[in-house]
Amino acid sequence: MADLTSRVRRVIAAPVDRVYAAWTVPELLSDWFWPFPATFDVSAEVGGTFHFGSSAIGASGRFLDVSSGRLVYTWIWDGESDETRVTVEFRPTSSGTEILLEHSGNADTEARDNHAQGWSDCISRLGPFLGQSAVG
């Protein structure tokens, strides 16, 4: 049986609080998350919701766990009914912040691979946004 969880790991040369804020503050998210203009409504608290959207694509969900070192939230693409789960851990390292992202509950290997590629693309924009490089 195939593992249907997408996993992405990166180290960003910035402190955890800056990386966490870039992930949870709508005004910061809009500068790096997607490569096209979108709106970002985020209430990063347990039970809070988010919606990211543009004319081309959108997703929403609710936060299940929120702390300075971890976010867990549901993920539903606009127009679809399948709910998946995203877990992001922010771990301090000697060179900055290690991001460990898992996107679980994917329906098949194609969805798993598409999410892995999409998250990898997003995180690759985060380092330059913070003025740093992302390391594999």
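Structure shown above.
In this report, the structure presented in the accompanying data block is examined. (Residues numbered from 1 in each chain as written. Predicted model: local features only at pLDDT ≥ 70, side-chain atom pairs only at ≥ 80, totals over all residues. Heavy atoms only, no water.)

### With respect to the packing of helix α1 (residues 16–24) against helix α3 (residues 109–129)
Basically, it comes down to this: Axes, fitted as lines to C-alpha atoms, cover a helix only where it is in contact. Angles between the N-to-C directions of the axes lie from 0 to 180 degrees. Helix and strand definitions here come from DSSP, where helices need a minimum of 4 consecutive H or I residues and strands a minimum of 2 consecutive E residues; each element is numbered from the N-terminal end. Any angle that falls under 35 degrees is termed roughly parallel, while one over 145 is termed roughly antiparallel, one within 65 to 115 roughly perpendicular, and all others oblique. Left-handed describes a crossing whose near helix is turned anticlockwise from the far helix by less than a right angle; the clockwise case is right-handed. For this analysis, residues touch if any pair of their heavy atoms sits within 4.5 Å. Any residue that is not Ala, Val, Leu, Ile, Met, Phe, Trp, Tyr, Cys, Pro, Asp, Glu, Lys or Arg is counted as polar, Gly included; the first ten are nonpolar and the last four charged.
Between α1 and α3, whose axes approach to 11 Å, the crossing angle comes to 125°. Judged on the interaxial angle alone, α3 and α1 are oblique. Relative to α3, α1 is oriented so that their crossing is right-handed. Contacts from Val19, Ala22 and Trp23 in α1 reach Trp119, Ile123, Leu126 and Phe129 in α3. Residue classes in the contact of α1 with α3 are distributed as seven nonpolar, no polar and no charged.

### Regarding the pattern of salt bridges
For the record, the criterion: Whenever Lys or Arg places a side-chain nitrogen within 4 Å of a carboxyl oxygen from Asp or Glu, that contact is recorded as a salt bridge. Exposure classes here rest on a 1.4 Å probe applied to the protein chains alone. A residue is buried below 20% of its type maximum, exposed above 50%, and partly exposed in between.
Within the structure shown, the criterion is met by seven salt bridges. With its nearest N and O atoms 2.8 Å apart, the salt bridge here joins Arg91 to Glu89. The partly exposed category is assigned to Arg91, whose relative accessible area is 37%. Salt bridges linked by common partners bring Asp65, Arg70, Glu89 and Arg91 together as one network.

### Focus: the pairing of strand β5 (residues 70–77)
Where we set the bar: DSSP-based pairing: two strands are paired if at least 2 bridges between them are found.
Relative to β5, strand β4 (residues 58–67) runs antiparallel, the two sharing six bridges. Pairing of Ser60 across the sheet is with Ile76, part of β5. Here β5 runs beside strand β6 (residues 84–93); their pairing, made up of six bridges, is antiparallel. In the strand pairing of β6, Trp75 is matched with Thr84. Here β5 hands over to β6 after six residues, with Gly79 in that stretch at a positive phi of 85°.

### Overview of the side chain of Ser120
The residue Ser120 is located in helix α3 in this model. Not counting residues within four places of it along the chain, the set of residues in contact with Ser120 comprises Val8 and Arg10.

### Quick notes on the packing of aromatic side chains
Here is the rule we go by: The rule is short: rings of Phe, Tyr and Trp, with Trp giving its six-membered ring, pair when the centres are within 6.5 Å, and they are stacked under 30 degrees, edge-to-face over 60, tilted in between.
According to the stated counting rule, one finds 21 aromatic pairs in the structure shown. Between Phe50 and Tyr73, the aromatic rings sit 5.3 Å apart at their centres with planes inclined by 80°, giving edge-to-face as the arrangement. Placement of the pair is Phe50 in strand β3 (residues 49–53) and Tyr73 in strand β5, with a sequence separation of 23 residues. A single burial state applies to Phe50 and to Tyr73, both of which are buried.

### Some remarks on the pairing of strand β1 (residues 6–12)
Burial analysis of β1 places five of its seven residues in the buried class, the great majority of the element. Bridge count for β1 against strand β7 (residues 96–104) is seven bridges, and the pairing is antiparallel. Its bridge partner being in β7, Arg9 is matched across the sheet by Leu100.

### Comments concerning the nonpolar core
To be explicit about the condition: Residues grouped as a nonpolar core are buried Ala, Val, Leu, Ile, Met, Phe, Trp, Tyr and Cys residues, joined through side-chain atoms within 4.5 Å.
Residues Trp23, Phe33 and Tyr73 are the most contacted members of the largest nonpolar core, which totals 31 residues. When residues of this core are assigned to their parent elements, the largest contribution, five residues, is made by α1. Setting aside chain neighbours within four positions, we find Tyr73 in contact with Trp23, Phe50, Arg62, Phe63, Leu64, Thr84, Arg85, Val86, Val88 and Trp119.

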